[in-house]
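# Notes for the structure review
Here is how the chains run, residue by residue.
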Amino acid sequence: MTIKTPEPFTIWLIGPSASGKSTIAKELYNKIQSKVSKVIILDGDNIRDLFDNRYGYDAISRSKVTKRYIKLVKWLQNFQISSIVSVISPFEKDRLECKKSLIGYKQIYLKCSMENRLLRDTKNLYKPALEGLKKDVIDVDIPFDQSTINDLVIETDKNNIEVSTNKIIESI
């Protein structure tokens, strides 16, 4: 396995909740950590906790949080640290800002049907949102913008973790 992308790079895994972002980020990290000098996983839920989760989940707050992720990744890049970022990143305007701001930005869209996301929904987001009991849920009452800048699209309900991570490695 060879990583062709110069370091530092950013792999930005996007997709709605329960599409497999965290799982694939961890497996990807395990596969490339010995091949890359410095790499870190930045998971959306963990980063929100790190910053005391002062922002909500409405569209404006989500964009503000993305700006924080960009600043954090840029700071890490100053130390030649590559990042695997697993975040919903629902808005194309924010993803375009990532692409413009980050070195070696590779955007991977993890596509997964709502039916499969409902089955995987360990956070119990979708069922209450679909019943109108919860708001600010991406792909229910906040749209997930289709992206024009994906470097790769992986259908996680059709590809297992091994196949998915191998496709990402081949693309970087």
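Here, the structure is the one placed above.
Residues numbered from 1 in each chain as written. Predicted model: local features only at pLDDT ≥ 70, side-chain atom pairs only at ≥ 80, totals over all residues. Heavy atoms only, no water.

For the rest of this paragraph, the subject is the pattern of salt bridges. Summed over the entire model, instances satisfying the criterion amount to 8 salt bridges. Across the pair E131 and K127 runs a salt bridge whose closest N-O atoms are separated by 3.5 Å. Assessed through its relative accessible area of 48%, E131 is described here as partly exposed. Residue class for K127 comes out exposed when judged on its relative accessible area of 52%. (Salt bridge = Lys/Arg side-chain N within 4 Å of Asp/Glu carboxyl O. Buried < 20%, exposed > 50% of the residue type's maximum accessible area, 1.4 Å probe, protein only.)

Further remarks concern the environment of G56. Its place among the elements puts G56 in the loop between α2 (44–50) and α3 (59–77). Classification of G56 as partly exposed rests on a relative accessible area of 27%. When the C-alpha atoms of G56 and D136 are compared, they prove to be 8.8 Å apart, with 80 residues separating the residues in sequence. In this structure G56 touches R48 and S61, once residues within four positions along its chain are discounted. (Helix = DSSP H or I, 4+ residues; strand = E, 2+ residues; numbered from the N terminus. Contact = heavy atoms within 4.5 Å.)

The subject of this paragraph is the sheet that holds strand β4 (residues 105–111). Ordered in space as β2-β3-β1-β4-β5, the 5 strands form an open sheet in which the pairing is parallel. Looking at the sheet topology across the chains shown, the edges are occupied by β2 (39–43) and β5 (152–155). Taken pair by pair, the neighbouring strands of this sheet meet at an average axis angle of 20°, ignoring direction. In this structure, β2 lies alongside strand β3 (residues 82–86), joined through 5 bridges in parallel fashion. Its bridge partner lying in β3, I40 is registered against S83. (Pairing = 2+ DSSP bridges. Axes fitted to C-alpha atoms, helices over the stretch in contact; angles between N-to-C directions.)

Note that all results are geometric; they support no functional claim without further evidence.
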